[in-house]
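# Fold and geometry: a report
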Amino acid sequence: MKTDRKSTPQDLANGSTQDLDRGLLPSLLGYALRRAQSAVFADFSATFVAAGEAVTPGEFGLLVLVDRNAGLSQMAVARALGIDRSTLVPILDRLQERGLLVRRRSPTDGRTHALALTPLGIKALARFTKLVRAHEARIASGLSTAETRMLLELLEKVRVASL
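These remarks concern the structure in this document. (Residues numbered from 1 in each chain as written. Predicted model: local features only at pLDDT ≥ 70, side-chain atom pairs only at ≥ 80, totals over all residues. Heavy atoms only, no water.)

Now for the packing of aromatic side chains. Overall, the coordinates contain two aromatic pairs when judged by the stated rule. A centroid spacing of 4.6 Å and a plane angle of 20° characterise the contact between Phe 44 and Phe 48, whose relative ring orientation is stacked. Here Phe 44 pairs with Phe 48, and both are found in helix α2 (residues 29-50), just four residues apart, close to one helical turn. Comparing Phe 44 with Phe 48, the two get one shared label, buried. Taken together through their ring pairs, the aromatic side chains of Phe 44, Phe 48 and Phe 128 make up a single cluster. (Phe/Tyr/Trp six-rings, centres within 6.5 Å; stacked < 30°, edge-to-face > 60°. Helix = DSSP H or I, 4+ residues; strand = E, 2+ residues; numbered from the N terminus. Buried < 20%, exposed > 50% of the residue type's maximum accessible area, 1.4 Å probe, protein only.)

Below you can see the structure in the form of C-alpha cells.
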C-alpha cells in the first residue's frame, strides 16, 4: 500500500507494517525478487510440512538434477545449482543419510563422485514432484499461462544480466 506519509514511531511500536514507508525499496528489482522469493519459499515449506514431508527447494532441485542426469558429478551439480562445494556437501550428506541418494566413485574419474538416486529416492522424488506441482499452481494462480511463461523468460534475462 502506497502512502504519502512516513510511518510514525507509534505505528512502528505497534508492529504495523501495512503503512510502513519503504522509501525507494519497492522500485528496486532485487527487493521485489527477494520478497517474492520469501513468499514462494514459505509456501513451498508449508506445502511440504502439511504433507508430512521434509525437503527444501534446494534439495528438491538437486534430486531432480540427479534423477535426470545419471552419474552427474558433485561439481556439475554445484555449478547447475549456482552454489559452492562447501554448501553442496552438507546437502548431499543430509540426502544420503535419509537414504535418498548415493555417491559412488566416478567410473571415468576416480577423483570425483557420481551421484545417483536410490530406489527410496526415486519414490520420494515422485511424491515431492506432486507437491511441487500443486505449490507451483498455487503461486502462479494469479497469472495466465502466457504471463507465467513471460515471467520465467524475464527472470532468466535478469539472471543472465547478473552474471
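Here we come to the nonpolar core. In terms of nonpolar packing, the biggest core is built from 24 residues, with Leu 62, Leu 63, Leu 101 and Phe 128 touching the most fellow members. At the level of secondary structure, the elements contributing two or more residues to this core comprise α2, α3 (57-68), α4 (74-81), α5 (85-97), β2 (113-117) and α6 (119-139). (Core = buried A, V, L, I, M, F, W, Y, C linked by side-chain atoms within 4.5 Å.)

All right, on to the side chain of Asp 43 then. Relative to the helices and strands, Asp 43 is located in helix α2. If we skip the residues at most four places from it in the chain, Asp 43 touches His 135, Arg 138 and Ile 139. (Contact = heavy atoms within 4.5 Å.)

What follows deals with the packing of α3 against α5. Two elements in contact, α3 and α5, have axes separated by 11 Å at closest approach and are oriented at 75°. Taken together, the axes of α3 and α5 lie roughly perpendicular to each other. Between α3 and α5, the residues in contact are Glu 59, Leu 62 and Leu 63 and Leu 88, Ile 91, Leu 92, Arg 94 and Leu 95, respectively. Taken together, the residues of the contact of α3 with α5 sort by class into six nonpolar, no polar and two charged. (Axes fitted to C-alpha atoms, helices over the stretch in contact; angles between N-to-C directions. Parallel < 35°, antiparallel > 145°, perpendicular 65-115°, else oblique. Nonpolar A, V, L, I, M, F, W, Y, C, P; charged D, E, K, R; others polar.)

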